[in-house]
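Residues per chain, in single letters:
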Amino acid sequence: MTPERAPLLEVRDLVAGYGAVQVLTGLDITVAEGEVAVMLGANGAGKTTTMRAISGMINRKGTITFRGEALTRRAPDEIVRMGIAQVPQGRGTFTDLTVEENLRAGAYVRKGSGIEADLEEWFGVFPRLRERRSQKAGGLSGGEQQMLAIARALMSRPKLLLCDEPSLGLAPIITQELFDVLKRLNTEQGLSILIVEQNANLALRIAHSVFVLETGSIVASGTAQEISNNDAVRTAYLGY
Amino acid sequence: MTMPIKIRESSPLHWALRVVGVSALAAIAVYFASNAAPSTLGKITEACTLAIAAVSLNLLLGFNGQISLGHSTFAGLAAFTAGYSVNAWHWNPWVSLGVACVLCFALGLLLGLPALRLKGPYLALVTLAVAFVWPTVARKFLQQTVKASTLKGMRLRPPTWTGLANNRVDRALFLFWLSLVLLVITYAIVRNLRKSRIGRSLVAVRDNETAAAVMGVNLPFTKTVTFGISAALAGVAGWLAAAQLATLDENSFSILTSIKYLLALFLGGAATLAGPVVGAFTYFFADDLLKTNAPKWDFLPGPLSKGPVASFLLGVLVIVFVFIAPLGLVGFVKAQGRKLAVVVPPPLRPAPKASDPTAHASPAPAGEVE
Ligand SMILES: Nc1ncnc2c1ncn2[C@@H]1O[C@H](COP(=O)(O)OP(=O)(O)O)[C@@H](O)[C@H]1O
Ligand SMILES: [Mg+2]
């Protein structure tokens with residue numbers, strides 16, 4: 001059982017898509033302060049679209065409230081400033097920039113003070129990145145690039161981190177390491193995290209609450225425990 | 001000592017190397033200024049002009065990933081603005097430089113708008129169309145406004161404080177120094193931009209638009225303004241060309257000029273700071289050498305002996321070179337140089353105290369060679 005926490009992000013009746021194509025057809029999710037929420041969905045269910053709608057990258061209808069403020073009409077840069085950072089699907093590291101430049105680019109919306117200190121802090125959390133500080137990001141392994149993408153997102157000092165399929169293309173052992181880091185960020189720093197995944201085994205271990213997305217809306221939700229015990233979900237997303 | 005040697009950024013050694021490099025370049029410039037014939041100085045001036053254009057294109061294409069085949073048009077617009085305003089309206093040439101840059105900036109912004117929706121080959125096509133339309137626009141302007149088939153170039157008098165007279169030799173010397181100064185300024189603008197927060201966002205947009213946007217980079221603003229700045233800098237090259245050419249006509253800034261900018265950029269290395277400068281000088285003097293020696297290729301069979309062999313050979317050379325060193329001359333040298341020495345960033349400062357918000361702003365303590 002998870003204790004009741006204050007809602008950080010509330011999404012109600014979210015409708016979004018691309019031009020005439022409607023992908024999300026009334027989606028509801030809630031991420032509480034300090035929790036790790038996982039949204040499960042098959043390929044094409046609309047996970048990335050949900051992330052893009054929250055980050056303000058596409059037009060959307062419905063209400064999205066973050067720390068009590070509506071953000072349905074806000075632009076991506078305002079949303080970053082409000083405290084939501086996204087790690088895009090496929091990592092999206094800037095391959096021709098060095099590791100350090102990638103991190104500094106993550107602090108784009110911030111001015112001046114504290115950026116150096118934050119670099120130091122995330123180099124502490126991700127020592128591999130410190131070793132490769134002046135190397136181009138394109139030369140990093142997949143796992144390192146995912147770590148870099150996360151650290152880069154953290155450079156904007158978010159309250160909520162959105163991770164779009166962080167395990168994509170990574171070996172299970174690397175994925176394990178990745179989720180360990182996310183877990184630590186959640187417990188040690190109080191960071192709230194929303195992860196979307198297709199393959200849920202590892203993600204569920206660190207999740208407090210879970211949502212199941214099917215063709216544009218949520219079909220099941222509950223605690224990680226409840227969802228793991230749901231037979232239909234288990235066969236579809238956990239593979240046993 | 002292990003290879004590669006590590007040099008700390010902004011350490012005394014790093015600064016010493018920079019000073020030596022800049023002094024060497026300055027010494028070469030002074031040497032040419034005092035020894036070279038006016039015709040040679042003229043060639044260097046032309047190479048500098050090409051370099052300015054290539055640097056401007058590098059900002060747009062190399063760092064921001066937007067291709068433009070229309071840069072000749074920006075140069076043409078600036079050259080015509082200068083030539084006409086100085087000759088017909090007796091404007092001060094320096095004022096015409098400012099106005100030309102503003103006009104080019106505006107046209108660049110305008111061309112940046114369709115560029116928001118287009119990528120790669122489609123953007124190339126739109127900018128190509130602009131380059132194709134330019135000669136017609138220029139011809140109409142010459143016919144209807146200038147009422148002549150050509151427009152006179154802009155004759156720059158050396159200012160009195162330079163101590164240079166208003167004769168052919170001194171004017172060549174003046175243009176030589178002016179082109180160098182303008183090249184240094186253009187280079188410095190692009191360099192400082194690239195090293196700043198804005199510059200990182202330019203490369204970020206090029207490497208991954210989605211990731212850049214979710215970090216808060218305003219894509220339309222960044223891309224159009226980059227287009228504008230790049231166009232304004234290309235305008236500097238055009239203005240400088242107007243100061244070198246006796247006459248300007250509709251073919252002075254054709255699509256071939258844009259191709260030349262592109263070749264110079266890729267020969268030197270796109271997305272590197274020095275690449276476009278090195279590329280422009282290499283391209284210009286290779287072209288010059290081949291042209292001077294063109295009669296020697298008479299022995300070639302058939303049409304090759306009559307046609308523009310020099311241009312053909314230069315084309316072949318550039319293609320071969322792009323295969324050998326796809327990152328350009330500078331990219332190639334950098335890759336080799338990294339085996340010998342690398343520049344590493346200074347150590348990070350510990351977290352600044354809340355009471356001292358400027359603590360992190362001062363440069364890190366200089367490190368030594370490790
Ligand atoms: N840029 C786009 N334009 C049009 N349709 C898109 C676009 N991106 C995704 N879609 C469609 O939206 C649906 C959901 O995609 P997405 O949100 O990426 O799914 P997921 O991330 O869950 O795999 C898919 O049917 C996909 O084809
Ligand atoms: Mg997806």
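Cut-offs applied
- Residues numbered from 1 in each chain as written.
- Chains lettered and ligands numbered in written order.
- Predicted model: local features only at pLDDT ≥ 70, side-chain atom pairs only at ≥ 80, totals over all residues.
- Heavy atoms only, no water.
- UniProt positions renumbered as here; feature names shortened; annotations may be inferred.
- Helix = DSSP H or I, 4+ residues; strand = E, 2+ residues; numbered from the N terminus.
- Rg over C-alpha atoms; globule rule 2.2 N^0.38 Å.
- Buried < 20%, exposed > 50% of the residue type's maximum accessible area, 1.4 Å probe, protein only.
- Contact = heavy atoms within 4.5 Å.
- Lys, Arg positive; Asp, Glu negative; His and termini not counted.
- Charge placed at Lys NZ, Arg CZ, Asp CG, Glu CD.
- Buried area = accessible area lost by both parts, 1.4 Å probe.
- Salt bridge = Lys/Arg side-chain N within 4 Å of Asp/Glu carboxyl O.
- Polar contact = N/O pair within 3.5 Å; in protein donor to acceptor, adjacent residues only side chain to side chain.
- Nonpolar A, V, L, I, M, F, W, Y, C, P; charged D, E, K, R; others polar.
- Domains from an automatic or database assignment.
- Axes fitted to C-alpha atoms, helices over the stretch in contact; angles between N-to-C directions.
- Parallel < 35°, antiparallel > 145°, perpendicular 65-115°, else oblique.
- Donors = N, O, S within 2.8 Å, 3.2 Å for Na, K, Ca; no water.
- Core = buried A, V, L, I, M, F, W, Y, C linked by side-chain atoms within 4.5 Å.
- Expected span 1.5 Å × (residues − 1).
- Pairing = 2+ DSSP bridges.
- Left-handed = near helix turned anticlockwise from the far one by under 90°.

The record in UniProt for chain B states the following under Subcellular location (unreviewed entry): "Cell membrane".

Per UniProt, the comment on chain A under Sequence similarities (unreviewed entry) is "Belongs to the ABC transporter superfamily."

1. Considerations on the overall build of chain A
Broken down by element type, chain A carries 10 helices and 10 strands. At 17 Å, chain A has a C-alpha radius of gyration in line with the 18 Å of a compact globule built from 240 residues. If one aligns the C-alpha atoms of chain A with their principal axes, the spans along those axes are about 45 × 40 × 35 Å. In chain A, buried positions account for 58% of the 240 residues. Long-range contacts, defined as pairs at least 24 residues apart, comprise 68% of the intrachain contacts of chain A with a sequence gap of at least 6. Taking the average location of the 26 positive side-chain charges in chain A and that of its 27 negative ones, the two points are 4 Å from each other.

2. Observations regarding the interface of chain B and chain A
Interfaces are frequently sized by the accessible area removed from exposure as the parts join. Every contact between the two is made by 27 residues of chain B and, on the other side, 33 residues of chain A. Carbon and sulfur atoms make up 64% of the surface buried where chain B meets chain A, a total of about 2,600 Å² over both sides. When the area that chain B buries against chain A is broken down by residue, the three leading residues are Val214, Met215 and Leu348 of chain B, summing to 28%. Viewed at the interface, chain A and chain B are joined by two salt bridges. Taking the shortest distance from any N to any O, the salt bridge between Arg206 of chain B and Asp96 of chain A comes out at 3.0 Å. Taken together, chain B and chain A are joined by six residue pairs in polar contact (both at pLDDT 80 or more). Every element with two or more residues in the side of chain B that touches chain A is listed here: helix H7 (197-207) and helix H8 (209-214) of chain B. Sort the elements by how many residues they give to the side of chain B that touches chain A and H7 of chain B lands first, with eight residues. When grouped by side-chain class, the residues that make up the side of chain B that touches chain A number 16 nonpolar, five polar and six charged.

3. A closer look at the domain arrangement of chain A
Residues and elements named next belong to chain A. Each assigned domain of chain A is listed here: domain 1 (7-83 + 158-238) and domain 2 (95-156). Contact residues are listed per partner, giving 16 residues for domain 1 and 13 residues for domain 2. Carbon and sulfur atoms make up 75% of the area that domain 1 and domain 2 hide from each other, which totals about 1,200 Å². On inspection of domain 1 and its partner domain 2, the count reaches zero salt bridges. Applying the counting criterion to the domain 1 and domain 2 interface returns one residue pair in polar contact (both at pLDDT 80 or more). Among the secondary structure elements, those contributing two or more residues to the side of domain 1 that touches domain 2 are helix H2 (76-82) and helix H7 (172-189). Looking at the side of domain 1 that touches domain 2 element by element, the count peaks at eight residues for H7.

4. Quick look at the packing of H7 of chain B against helix H9 (residues 219-244) of chain B
Between two packed helices, both the angle of their axes relative to each other and the distance between the axes serve to describe the pair. All names here are of chain B. Where H7 meets H9, the axes come as close as 11 Å, and the angle between the chain directions of the two elements is 105 degrees. Classified by the angle between their axes, H7 and H9 sit roughly perpendicular to one another. Between H7 and H9, the residues in contact are Ser201, Leu202 and Val205 and Leu219, Thr222, Lys223 and Thr226, respectively. Classifying every residue of the contact of H7 with H9 gives three nonpolar, three polar and one charged.

5. A few points about the coordination of the magnesium ion (ligand 2)
Here the magnesium ion (ligand 2) is held by the protein donor atoms Thr48 of chain A (OG1) and Gln89 of chain A (OE1), which lie 2.0 to 2.1 Å from it. In this pair, Thr48 of chain A sits in helix H1 (residues 47-54) while Gln89 of chain A sits in the loop between strand S6 (84-87) and helix H3 (99-106), placing the two residues 41 residues apart along the sequence.

6. Topic: the nonpolar core
One finds Phe94 of chain A together with Met154, Leu156, Leu178 and Trp239 of chain B to be the most contacted residues of the largest nonpolar core, which totals 87 residues. Looking at this core element by element, the count peaks at 14 residues for helix H2 (residues 38-63) of chain B. Setting aside residues up to four positions removed in sequence, Phe94 of chain A forms contacts with Asn102, Ala105, Ala137 and Arg152 of chain A together with Ala204, Asp207, Asn208, Ala211, Ala212 and Met215 of chain B. Listed in part, the 50 residues of the second largest apolar core include Ile150, Met155, Ala207 and Ala224 of chain A.

7. A look at the UniProt feature "transmembrane region" (unreviewed entry) in chain B
All names here are of chain B. The positions UniProt marks with the feature "transmembrane region" (unreviewed entry) are residues 12-32, 44-61, 73-91, 97-116, 123-142, 172-190, 261-286 and 309-333. End-to-end, the C-alpha atoms of residues 44-61 are 25 Å apart, and along that stretch the chain is 100% helix and 0% strand. Here residues 172-190 is 100% helix and 0% strand, with 27 Å between the C-alpha atoms at its ends.

8. Considering helix H11 (residues 275-292) of chain B
Over its 18 residues, H11 of chain B runs 25 Å from end to end, which matches the ideal 26 Å to within 8%, given 1.5 Å per residue. Buried residues along H11 of chain B sit in contact with H2, helix H6 (168-195), helix H10 (255-268), helix H12 (309-324) and helix H13 (328-337) of chain B.

9. Quick notes on the sheet that holds strand S4 (residues 60-66) of chain A
Residues and elements named next belong to chain A. Pairing is antiparallel in the open sheet, where four strands are placed in the order S2-S1-S4-S5. Each edge of the open sheet is held by one strand with a lone partner, namely strand S2 (21-32) and strand S5 (69-70). Where strand S1 (residues 7-18) lies against S2, nine bridges are found, and the strand directions are antiparallel. Opposite Glu10, over in S2, you have Thr30 as the bridge partner.

10. Brief notes about the packing of H3 of chain A against helix H6 (residues 142-154) of chain A
Residues and elements named next belong to chain A. The contact between H3 and H6 brings their axes to 7 Å, and the two run at 35 degrees. Judged by the twist between their axes, the crossing of H3 over H6 is right-handed. Residues Val99, Asn102, Leu103 and Gly106 of H3 pack against Leu148, Ala151 and Arg152 of H6.

11. Points about the pattern of salt bridges
Taken as a whole, this structure holds 24 salt bridges over all chains when the rule is applied. Its salt-bridge partner being Lys136 of chain A, residue Asp96 of chain A comes within 3.1 Å of it at the nearest N-O pair. In this pair, Asp96 of chain A is assigned in the loop between S6 and H3 and Lys136 of chain A in the loop between helix H5 (127-131) and H6, connecting sequence segments 40 residues apart. A salt bridge links Arg132 of chain A to Glu144 of chain A, with the shortest nitrogen-to-oxygen separation between them at 3.3 Å. Separated by 12 residues along the polypeptide, Arg132 of chain A in the loop between H5 and H6 and Glu144 of chain A in helix H6 bring together distant segments of the chain. Exposure remark for Glu144 of chain A: the relative accessible area of 8% places this residue in the buried category. Residues joined in a network through salt bridges with shared partners are Asp96 and Lys136 of chain A together with Arg206 and Asp207 of chain B.

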